[in-house]
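A look at the structure
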Amino acid sequence: MGEPKKLYIKTYGCQMNVYDSERMVEALGGNGYVEVATPDEADMILLNTCHIREKAAEKVYSELGRFRDLKVAKPDLKIGVAGCVAQAEGAEIIARQPMVDLVVGPQSYHRLPEMEARAGSEKVIDTEFPEEDKFERLKARPKAKRGPSAFLTVQEGCDKFCAFCVVPYTRGAEVSRPAARVLEEARDLVERGVREITLLGQNVNAYHGAGAEGDWGLAQLIWALNDIDGLERIRFTTSHPNDMGDDLIAAHGDCAKLMPYLHLPVQSGSDRILKRMNRSHTAESYLRLIERIRAARPDILISGDFIVGFPEETEVDFQATLDLVESVGYGQAYSFKYSPRPGTPAAERPQVDPAEAAERLHRLQALITAQQRAAQDAMVGREVGVLFERAGRMPGQMTGKSDHLHAVHVQAPPEVLGQLHRVRITASGPNSLAGALI
Ligand code: 5AD
Ligand code: SF4
């Protein structure tokens, strides 16, 4: 083979896209590609896209527009669109941006090498939901060394059909990977230097993969991962309140490697809106659930997602959301203005005035920011584990993540990179903690 070809891949959206992008880089390695950091020198540009909100989807088209000059200067440059926008819009992308050569949906990534070979001489589109196991066919070829923290997709798709959400349409029905496959991939990651694994799924706590005797739930999978020597931390995201089983709650208390952090979106604090969202839980049932989780693991840090300005949301509904946030005390939370997604039930309903929604978002975010800061400040004086991931910005400084997922800066020798150490937290800044090695 001659000179390696250069691949520039840009990832939007959730952590599952980050995982998918890594797999696509590996798969295209077999076609002679190496990854590069900028589009200017690339032989192929791949955008791994997100469709969750309109803003995320529109970004893709403006980004494609920026590549026009590159394509004119280098006509054999291949441009591909992957991810959920590819799945949702398919051939429409090429109709809007004819310079796009390839459109590939998330269920077809294992076909990417073959598609890449054809792209350029023809337009190539694949947004099928095929039967074969894409994960098996995407297995990493080279045993490249890895950073200390890795994502591992165990479940994909969603059957919940929240009224606002495109995921059931773009990622399809819920599918879990067999437990043996997950454990094999985890052991391989650990051999390559990984110390922390975050299990990914759109509905990860609904995991039910084929195991040794019947299906395994997520808790069983976590306990099996707990036995892998060299693996030091386990996390999982994103969970649905209705799938938070007793065994998983108990694991938060009993499983030493399972970190004290849980992302558990509630979306709204108003039962009227939750019902219209098709969430099938209430504010009260969510609060009781949080109580049970905290009983199992008192220092757990709770994170969430919120949508404001959902169709028909009134000031009274919104106040119920603020009340719920007050009751829970989030360590971290993400909040979004409702964005109507074509094809979802809520897109057809009477919309809230955008200025009103923006104002509510502002109020919610102020409350959440204050809670986040309080949770972070409360760490000062405590001893935590820190997994060091990179050199810090200051000389002699190393940076990592605490058990509770806070960024922590520490004066430490470079050898700590990739290692887990005990750290005493000494100060809390706007976005991170400072600490000292114990
Ligand atoms: N508009 C705004 N936010 C949305 N989310 C999902 N769909 C929409 C939408 N149409 C948010 C939810 C979800 C997170 C990943 O994105 O809060 O939990
Ligand atoms: Fe979307 Fe999550 Fe609801 Fe599934 S559970 S429809 S992924 S918001």
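Model, not experiment: these values are computed from the prediction. (Residues numbered from 1 in each chain as written. Chains lettered and ligands numbered in written order. Predicted model: local features only at pLDDT ≥ 70, side-chain atom pairs only at ≥ 80, totals over all residues. Heavy atoms only, no water.)

**Points about the site of ligand 1**
The cut-off we apply is this: Being near a molecule or strand, for a residue, means having at least one of its heavy atoms within 4 Å of it. Two N or O atoms form a polar contact when they lie within 3.5 Å of each other; inside protein one atom must be a possible hydrogen donor and the other a possible acceptor, and for residues adjacent in sequence the pair counts only when both atoms belong to side chains. What sets the accessible areas is the Shrake-Rupley method with a 1.4 Å probe; for residues, cover comes only from the shown protein chains. Under the DSSP-based scheme used, a helix requires at least four consecutive residues in state H or I and a strand at least two consecutive residues in state E, with every element numbered from the N terminus.
In the region of ligand 1, the neighbouring residues are Ile52, Arg53, Phe164, Gln267, Asp305, Ile307, Phe336, Lys337, Tyr338, Ser339 and Arg341. In this structure, Gln267 approaches ligand 1 through a side-chain N or O atom, which is 2.7 Å from an oxygen atom. Contact distances for ligand 1 include 2.6 Å between an oxygen atom and a side-chain N or O atom of Asp305. Against a free-state accessible area of 400 Å², the protein chains account for coverage of 86% of ligand 1. Those elements that place two or more of their residues in the shell around ligand 1 are strand 15 (301–308) and strand 16 (332–337).

**Side note on the domain arrangement of the chain**
A common way to express how large an interface is: the accessible area buried when the components associate. What counts, and what does not: Boundaries of every domain are those given by an automatic assignment or by a domain database.
Looking at the chain, the domain boundaries give domain 1 (5–126), domain 2 (143–259) and domain 3 (383–437). Between the C-alpha centres of domain 1 and domain 3 the distance comes to 35 Å.

**Focus on the pattern of salt bridges**
The following threshold applies: Each reported salt bridge corresponds to a side-chain nitrogen of Lys or Arg within 4 Å of a carboxyl oxygen of Asp or Glu. Three labels apply to residues, based on accessible area from a 1.4 Å probe with only protein chains included: buried if under 20% of the type maximum, exposed if over 50%, partly exposed otherwise in between.
Evaluation of the coordinates by the stated rule reveals 39 salt bridges. Linking Lys10 and Glu63 is a salt bridge whose minimum nitrogen-to-oxygen distance equals 3.0 Å. Of this pair, Lys10 sits in strand 1 (residues 5–11) while Glu63 sits in helix 2 (residues 54–66), placing them 53 residues apart in sequence. On the basis of relative accessibility, which here comes to 26%, the residue Lys10 falls in the partly exposed class. The partner of Asp20 in a salt bridge is Arg171, with the nearest N and O atoms 2.9 Å apart. Of this pair, Asp20 sits in helix 1 (residues 15–29) while Arg171 sits in the loop between helix 8 (167–170) and strand 9 (175–176), and the two are 151 residues apart along the sequence. Each member of the pair, Asp20 as well as Arg171, carries the same accessibility label: buried. Connected through shared salt-bridge partners, Glu22, Arg23, Glu26, Arg146, Asp188 and Arg192 make up one network.

**A look at helix 1**
Where we set the bar: Each helix should span, by expectation, one fewer than its residue count multiplied by 1.5 Å.
An ideal rise of 1.5 Å per residue puts 21 Å on 15 residues; helix 1 measures up with 21 Å between its terminal C-alpha atoms. Most of helix 1 is tucked away, with 11 of its 15 residues classed as buried. Those residues of helix 1 not exposed but buried are Met16, Asn17, Tyr19, Asp20, Ser21, Arg23, Met24, Val25, Glu26, Ala27 and Leu28.

**Topic: the packing of aromatic side chains**
The test is simple: Here is the rule: rings of Phe, Tyr and Trp (six-membered ring for Trp) pair when centre to centre is within 6.5 Å. Planes less than 30 degrees apart are stacked, more than 60 are edge-to-face, and the remainder are tilted.
Considering all chains together, one arrives at 4 aromatic pairs under this definition. Centre to centre, the rings of Phe306 and Tyr330 are 5.4 Å apart; their planes meet at 90 degrees, and the pair counts as edge-to-face. In this pair, Phe306 is assigned in strand 15 and Tyr330 in the loop between helix 14 (315–328) and strand 16, connecting sequence segments 24 residues apart. Given a relative accessible area of 0%, Phe306 falls into the buried group. When the centroid spacing of 5.4 Å and the interplanar angle of 70 degrees are considered together, the rings of Phe310 and Tyr338 count as edge-to-face. Here Phe310, found in the loop between strand 15 and helix 14, pairs with Tyr338, found in the loop between strand 16 and helix 15 (354–377); they are 28 residues apart in sequence, far enough to count as distant. Grouped by ring-pair contacts, the aromatic residues Phe164, Phe310 and Tyr338 constitute a single cluster.

**Focus: the sheet that holds strand 10 (residues 196–200)**
The condition that has to hold: Any two strands between which DSSP finds at least two bridges are classified as paired. Comment: axis = line fitted to C-alpha atoms, over the contacting stretch for helices; angle = value between 0 and 180 degrees taken between N-to-C directions. Should any heavy atoms of two residues lie within 4.5 Å, those residues are counted as being in contact.
Taken in spatial order, the 3 strands of this open sheet run 7-10-13, and their pairing is parallel. On the outer flanks of this sheet lie strand 7 (149–153) and strand 13 (233–237), each paired with one strand and no other. Across the sheet, the mean angle separating the axes of adjacent strands is 25 degrees when strand polarity is ignored. Relative to strand 13, strand 10 is paired through 5 bridges, and the arrangement is parallel. Bridge pairing in strand 13 places Leu200 opposite Thr237. Helix-sheet contacts for helix 9 (residues 179–191) involve strand 7 and strand 10, and the interaxial angle to strand 7 is about 165 degrees. Here helix 10 (residues 218–226) sits on the sheet and contacts strand 10 and strand 13; the angle it forms with strand 13, its principal contact strand, is near 155 degrees.

**Some words on unusual backbone geometry**
The linkage connecting Thr237 with the following residue, Thr238, adopts the cis geometry, with an omega of 0 degrees. As for its position among the elements, Thr238 is in the loop between strand 13 and helix 11 (246–254). Positive phi, normally seen in glycine, also occurs at Asn278, with a value near 65 degrees. The backbone phi angle of Leu405 is positive, close to 70 degrees, even though this residue is not glycine. Along the polypeptide, Leu405 turns up in the loop between strand 18 (397–402) and strand 19 (407–411). Assessed through its relative accessible area of 31%, Leu405 is described here as partly exposed.

**Remarks on the nonpolar core**
What counts, and what does not: Here, the term nonpolar core denotes a set of buried Ala, Val, Leu, Ile, Met, Phe, Trp, Tyr and Cys residues that are joined through side-chain atoms within 4.5 Å.
Ranked by size, the top nonpolar core spans 55 residues in total, and within it Leu199, Leu221, Phe236 and Tyr330 carry the most contacts. With near-sequence residues (within four places) excluded, Leu199 lies in contact with Leu152, Val154, Val204, Leu218, Leu221, Ile222, Leu225, Ile234, Arg235, Phe236 and Thr237. Residues Ala57, Val85, Ile94 and Val103 belong to the second largest nonpolar core, which totals 23 residues.

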